Amino acid sequence: MANLKLTEFEAIAAYDAKQNPAYGAVLLIEPLYASVVLYAYTQGNLPTLLFQRILDNPTPVNNAIRDLGDWTAYATPIKKAIQNYYKFGTNAEVSIAGLNLSASNLMLRYSSAVGNELENAFREADSALAKAGISEDKLHILLVGPMATFFPAEATARLHYSSAMPMLFDARYGTYPQVEEIVLAGTALCAQMREKFIDGSVEWLVTEAGSNYTLRTLPLILAKDSANVKDFATPVFAPTSGVLATAGETVNLTVCGSHRQIPVTPQFLEDRMGLINLGLQYENDQFIIIMQNTVSGKNQLFPMDIKIKGV
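Residues numbered from 1 in each chain as written. Predicted model: local features only at pLDDT ≥ 70, side-chain atom pairs only at ≥ 80, totals over all residues. Heavy atoms only, no water.

A. Here's a closer look at helix H5 (residues 151–161). In terms of burial, H5 is a largely internal element, nine of the 11 residues being buried. Taken residue by residue, H5 has Phe151, Pro152, Ala153, Glu154, Ala155, Thr156, Ala157, Arg158 and Tyr161 as its buried positions. Looking at the buried residues of H5, the elements they touch are strand S1 (25–30), helix H3 (75–88), helix H4 (103–131), strand S4 (139–144) and strand S5 (173–176). (Buried < 20%, exposed > 50% of the residue type's maximum accessible area, 1.4 Å probe, protein only. Helix = DSSP H or I, 4+ residues; strand = E, 2+ residues; numbered from the N terminus. Contact = heavy atoms within 4.5 Å.)

B. Region of interest: the side chain of Asn228. The residue Asn228 is located in the loop between strand S8 (215–223) and strand S9 (236–237) in this model. Using a relative accessible area of 12% as the deciding quantity, one classes Asn228 as buried. With residues near it in sequence (within four places) discarded, Asn228 still touches Glu195, Lys196 and Phe197.

C. Local environment of the environment of Asn252. Within the secondary structure layout, Asn252 lies in strand S11 (residues 250–255). C-alpha of Asn252 to C-alpha of Thr207: the two residues are 45 residues apart in sequence and 9.3 Å apart in space. In this view, Asn252 contacts Glu203, Trp204, Leu205, His259, Arg260 and Gln261; residues no more than four positions away in its chain are not counted. In terms of polar contacts, Asn252 uses its side chain to reach the side chain of His259, at 3.1 Å. Side-chain polar atoms of Asn252 contact the side chain of Gln261, separated by 2.9 Å. (Polar contact = N/O pair within 3.5 Å; in protein donor to acceptor, adjacent residues only side chain to side chain.)

D. Focus on the sheet that holds S11. Judged by pairing direction, the sheet is antiparallel, and its four strands sit side by side in the order S8-S7-S11-S12 without closing on themselves. Strands at the two margins of the open sheet, each flanked by one partner only, are S8 and strand S12 (258–263). With direction set aside, neighbouring strand axes in the sheet form an average angle of 35 degrees. (Pairing = 2+ DSSP bridges. Axes fitted to C-alpha atoms, helices over the stretch in contact; angles between N-to-C directions.)

Shown next as C-alpha cells:
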C-alpha cells in the first residue's frame, strides 16, 4: 500500500469531525510509515492543518515485523499481551500465543524501527496543538491504514499521551483500518465545505412612485442570503428591464445588512438620463457590481466587498 497523501488525511479528518463532533482536533497516525498529521476541527468548516510529517518509506517497519507473517491473525493476543505488560510489569510477561515472542520484544522492535520518528512528530504536534489553544483532552488519536490495529503503534502513542495510565480505557483512541470508503466520504464532505456562500442578501433599493404621489422603496434582489458564490461566475442581473436614472445621482444597495452607494457618472448616460440595470459577478476572488446602460449596453464596474461564509 502506498502511503496516504495529505488530501486523503484531510478527507479522513473531515469524516471523523462529523462522526465525533465533541473533539477539537485529531491526530492521525499511519503506523506502517510512521506518518503523523494533526488537524483542528471547526464544525461545519474544513479541518485546519496544524502539523504534518508524512514519510514515504515503510522499510524499517517491514524489517521489524517481517518474520511475524500474517500478524493480523494475532492482533488480539498482541494487544492483550502489551496491555498486561504495561499494567503488571515484567513478572506478568509471557510469550504471545502463536508468535513465540514477548510483548517487550515486539515493542522494542517497533520502537527501534520508528520510535524516534513518532516521538519527534508527537512533540511537534504537541507544540502546534498548544499554539492553537486546544487541550489534549479534546484530541482524538486515530490510527489509520492497514496497520491501524497493530497495537505497538497505539501503545507508542499511549505512552506519550496517556503516560500516567497508558493502558487503561481512554475513549480518545480509535482505529480506521479500512480507509477507502472513509476517504471517499470525507472527500465529498471537503468538496461541500469548500463551497462559498454569500453571508446575507444583496439588494438594489429602487425608489418608485406609489399611490397618492408618495415614494416607496422597492428592493430588487441581486443575491439571496446563502446564495452559492459559484452561481455568480457569470453576471446575475436584477429582475428588471431597466430603472430610470439621472447622471450625478447615487444608486443605493444593502449588502449583507450594510448600506452601500455607487455613483451614476455623467459620461455613463447619454443626455444625462437613461435606463440602467445592476448585475453581480464573482471573478478572480472578487465580487463586482455591474452597472449596465440598457440602451447602449455600456458597463461600468464597481468592486464590492461582500461577506462570504464557508471556506
